[in-house]
Amino acid sequence: MILELDCGNSFIKWRVLDASASGLVSEGVVDSNQALLESLRIIKSLSLRTCRLVSVRTNEETSALTEMLERAFGIPVVCAKPAREMSGVRNGYEDYERLGLDRWLAMLGGFHLAAGSACLVLDFGTAVTADFVAADGEHLGGFICPGMPLMRNQLRTHTRKIRYGDEAAERALSSHVPGRTTVEAVERGCSLMLRGFVLTQLELARAYWGEQFTVFITGGDAELVKGVVPEARVVPDLVFVGLAMACPLS
Ligand SMILES: Nc1ncnc2c1ncn2[C@@H]1O[C@H](COP(=O)(O)OP(=O)(O)OP(=O)(O)O)[C@@H](O)[C@H]1O
Ligand SMILES: CC(C)(CO)[C@@H](O)C(=O)NCCC(=O)O
Ligand SMILES: [K+]
């Protein structure tokens, strides 16, 4: 079995694939290394052979995780590395090593799934990112802005009277009419900012490519925005698609 990890800033997304890397054995989202171990230990007849991961965390944090997994399961752990070019995609950053690896893998996955068409890749995690890949594989660059968790927490932290719980937040997002409570006003306001961001990215993609492009949406908050791009392909595991390409099993 193969363990795959996407280590973001807030959560670790994990999944276990069967030996042939074709079937899903189990998957989950955890908020710490310890929680990851606990989730894995309760899987019946787990027999890991290897692990591949992508991390946007510090080298120290990533090493701590890697060592923990090597110790706990006695398996090799392979980390995705930055590259100037891979699978037909050319990294567009001035300094290619600075581009977030989650963005890079999502682009590789998107370009592969789009079978050579231009792609707009949108990721809604702690941060929100947009990346543009032309039909010839050239990465034109992208955008980074705060995601839903950061926007709402900034409001909560920097105002005195914005306070509400997670359940109220979830209920508030059942509609986007102007809010009549604080929680509705904030949750709908931030959600509309994300939707506005998506529409702006679409305009830019149309300016580059007309209608000849594929939109990919991924990340934990993809559901919040998918309604504004009915034609988009919502691919929750897009980073994992790219991870398999960047770290093939030897
Ligand atoms: N099962 C889930 N577990 C945790 N968060 C989830 C889940 N489903 C949706 N979310 C939402 O997804 C968002 C986090 O997204 P995601 O897990 O893609 O990113 P991240 O790992 O926190 O950060 P990033 O990858 O941008 O560094 C949060 O706003 C959270 O509310
Ligand atoms: C932007 C995030 C936080 C999105 O997860 C990640 O890709 C990252 O830390 N990137 C490094 C900075 C950059 O991509 O320019
Ligand atoms: K991510």
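Just so you know, these numbers come straight off a predicted model, no measurement behind them.

Engineer: Would you mind showing me how to read the site of ligand 2 here?
Structural biologist: What surrounds ligand 2 is the set Asn9, Val56, Tyr93, Arg98, Leu99, Gly100, Asp102, Arg103, Thr129 and Ile144. At 2.8 Å from an oxygen atom of ligand 2 is found a main-chain nitrogen or oxygen belonging to Gly100. Against a free-state accessible area of 380 Å², the protein chains account for coverage of 74% of ligand 2. The residue inventory of the shell around ligand 2, partitioned by class, reads four nonpolar, three polar and three charged.

Engineer: Even after reading the chapter, I still don't get the site of ligand 1, so can you show me in this structure?
Structural biologist: Taken together, 14 residues lie around ligand 1, and Asn9, Lys13, Thr126, Gly220 and Asp221 are the ones closest in. At 2.8 Å from an oxygen atom of ligand 1 is found a main-chain nitrogen or oxygen belonging to Gly220. The side chain of Asp221 places a nitrogen or oxygen atom 2.6 Å from an oxygen atom of ligand 1. A total of 640 Å² of accessible area belongs to ligand 1 in isolation, and the protein chains cover 72% of it. Partitioned by chemical class, the residues of the shell around ligand 1 number five nonpolar, seven polar and two charged.

Engineer: Could you clarify how one ought to interpret the nonpolar core in this entry?
Structural biologist: Across soluble globular proteins, nonpolar side chains have a tendency to be buried as a group. Membership of the largest hydrophobic core comes to 31 residues, with the highest contact counts inside it found for Leu120, Leu122, Phe124, Leu194, Val215 and Ile217. Elements supplying a minimum of two residues to this core: β8 (118–124), β9 (127–133), α4 (148–158), α5 (166–172), α6 (182–209), β11 (213–218) and α7 (222–225). Ignoring sequence-local partners within four residues, the contact set of Phe124 consists of Leu194, Val198, Ile217, Thr218, Gly219, Gly220, Asp221, Ala222 and Val225. Counting residues in each nonpolar core, the second largest holds 23 residues, with Leu105, Ala106, Phe216 and Val239 among its members.

Engineer: Would you mind going over the sheet that holds β8 with me for this structure?
Structural biologist: Sheet strands pair by backbone hydrogen bonding; their relative direction is either parallel or antiparallel. Strand order in this open sheet of five strands is β10-β9-β8-β11-β12, and the pairing throughout is mixed. In this open sheet, the two strands that pair with only one neighbour each are β10 (139–146) and β12 (233–234). As paired elements, β8 and β9 share six bridges and run antiparallel to each other. By the bridge assignment, Leu122 is partnered in β9 with Ala130.

Engineer: I'm lost on the UniProt feature "binding site: substrate" (unreviewed entry) in the protein chain in this one. Help?
Structural biologist: The feature "binding site: substrate" (unreviewed entry), as annotated in UniProt, sits at Tyr93, Gly100, Leu101, Asp102, Arg103 and Thr182 in this numbering. These annotated residues cover 90 residues of sequence, and their C-alpha atoms sit far apart, with the largest distance between any two at 40.2 Å. Mapped onto the elements, Gly100 comes out in the loop between β7 (89–90) and α3 (101–113). Summarising the element assignment, Thr182 is placed in helix α6.

Calculation notes
Residues numbered from 1 in each chain as written. Chains lettered and ligands numbered in written order. Predicted model: local features only at pLDDT ≥ 70, side-chain atom pairs only at ≥ 80, totals over all residues. Heavy atoms only, no water. Near = heavy atom within 4 Å. Polar contact = N/O pair within 3.5 Å; in protein donor to acceptor, adjacent residues only side chain to side chain. Areas by Shrake-Rupley, 256 points an atom, 1.4 Å probe, with all protein chains shown as cover. Nonpolar A, V, L, I, M, F, W, Y, C, P; charged D, E, K, R; others polar. Core = buried A, V, L, I, M, F, W, Y, C linked by side-chain atoms within 4.5 Å. Buried < 20%, exposed > 50% of the residue type's maximum accessible area, 1.4 Å probe, protein only. Helix = DSSP H or I, 4+ residues; strand = E, 2+ residues; numbered from the N terminus. Contact = heavy atoms within 4.5 Å. Pairing = 2+ DSSP bridges. UniProt positions renumbered as here; feature names shortened; annotations may be inferred.

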